[in-house]
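Listed below, chain by chain, are the residues.
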Amino acid sequence: MVSENPMQPPWLNAPPVEPYPYADTHDLREGPDLHHDLLGLLPFVGVWRGRGKGGYPTIEDFDYAQEIRISHDGRPFLNYDSRAWLIEEDGTPIRPAFREVGWWRPATNGDEVEMLLTNPTGIMELYFGKAEANPPRLDVQTDAVVRTPTAKEVRAGHRLFGIVNGELLYAYEMAAVGQPMQDHLSARLVRVGG
């Protein structure tokens, strides 16, 4: 029914909505079934936590801790949520560091993957690359980088994720702030959930 007064839409006086009714899970033993298109990415689903090293020619090297949560809601994509914090060499937290969220989507033929990532510093990246099943590995490069006017200049990225001996290892190369593509981050994370 269309309201006669455009300033008073029909939903204005509707009853409250219940909480979101669909489960999102990182644990394959509960929640919705994993979509069959995601079977090649199944080893990555879970909560991962560990340490890494970072550096770049324009900044000092640093140690960090990181938690990555890779979950699904039954549809053909994975939700990716990563947060990191700087640490002392002994693991003492210093302060929050980088954070990003996004989605991993299998591409049409099953051995390719699309990755959409965004972070609060104003950078959005679209990655495309290969997914391998044995051992589980993703090798993706940026197809596009979009940034806000106040974000640092990032031109390209390359990310490699792999499951080795049950651990999530990854490396991130970046071309930014006038520098060519080179190492920026690498980490080893262990499964703590899922």
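Since we're looking at a predicted model, the values are computed, not measured.

A. Summary view of the overall build of the protein chain. A tally of helices and strands in the protein chain yields 0 helices and 10 strands. Each of the three principal axes of the protein chain carries a C-alpha extent, and together these read 65 × 40 × 40 Å. Evaluated residue by residue, the protein chain yields a buried proportion of 38% over its 194 residues. Across the protein chain, the fraction of contacts at a sequence separation of at least 24, relative to all contacts at a separation of at least 6, is 42%.

B. Here's a closer look at the pairing of strand β6 (residues 123–132). Where strand β5 (residues 112–119) meets β6, 8 bridges bridge the pair, whose relative direction is antiparallel. Among the inter-strand pairings, Val 113 is bridged to a residue of β6, identified as Gly 129. The hairpin formed by β5 and β6 contains 3 residues between the paired strands, and Gly 122 there has a positive phi angle of roughly 95 degrees. Direction of pairing for β6 relative to strand β7 (residues 137–147): antiparallel, over a ladder of 10 bridges. Bridge pairing links Phe 128 to Gln 141 in β7.

C. Broad picture of the sheet that holds strand β10 (residues 182–193). If you trace the 10 strands once around the closed barrel, you get β1-β2-β3-β4-β5-β6-β7-β8-β9-β10, paired in antiparallel fashion. Strand-to-strand, the axes of this sheet are offset by a mean angle of 25 degrees, without reference to chain direction. Sheet analysis places strand β1 (residues 46–56) next to β10, joined by 8 bridges and oriented antiparallel. Bridging across to β10, Arg 49 finds its partner in Val 190.

D. How the structure looks around the pairing of β10. Where strand β9 (residues 167–176) and β10 come together, 8 bridges link them in antiparallel fashion. Across the sheet, Leu 168 pairs through a bridge with Leu 189, a residue of β10. With antiparallel pairing between neighbouring strands as the criterion, β9 and β10 make up a hairpin whose turn holds 5 residues, including Val 177 at a positive phi of roughly 40 degrees.

E. Geometry of the nonpolar core. By size, the foremost hydrophobic cluster in this structure holds 36 residues, and its most contacted members are Phe 44, Trp 104, Leu 138 and Phe 161. Looking at this core element by element, the count peaks at 5 residues for β9. Contacts of Phe 161, omitting those with residues within four sequence positions, involve Phe 44, Tyr 80, Trp 104, Met 115, Pro 136, Arg 137, Leu 138, Leu 168, Leu 169 and Tyr 170.

F. Quick peek at the side chain of Glu 125. As for its placement among the helices and strands, Glu 125 is situated in strand β6. A distance of 3.0 Å separates the side chain of Glu 125 from the side chain of Tyr 127, its partner in a polar contact. Residues within four places of Glu 125 in sequence aside, it is in contact with Glu 100, Met 115, Leu 116, Leu 117, Thr 142, Ala 144, Val 145, Val 154, Arg 159 and Tyr 172.

What counts as what
- Residues numbered from 1 in each chain as written.
- Predicted model: local features only at pLDDT ≥ 70, side-chain atom pairs only at ≥ 80, totals over all residues.
- Heavy atoms only, no water.
- Helix = DSSP H or I, 4+ residues; strand = E, 2+ residues; numbered from the N terminus.
- Buried < 20%, exposed > 50% of the residue type's maximum accessible area, 1.4 Å probe, protein only.
- Contact = heavy atoms within 4.5 Å.
- Pairing = 2+ DSSP bridges.
- Axes fitted to C-alpha atoms, helices over the stretch in contact; angles between N-to-C directions.
- Core = buried A, V, L, I, M, F, W, Y, C linked by side-chain atoms within 4.5 Å.
- Polar contact = N/O pair within 3.5 Å; in protein donor to acceptor, adjacent residues only side chain to side chain.

So yeah, pure geometry; function would need other evidence.
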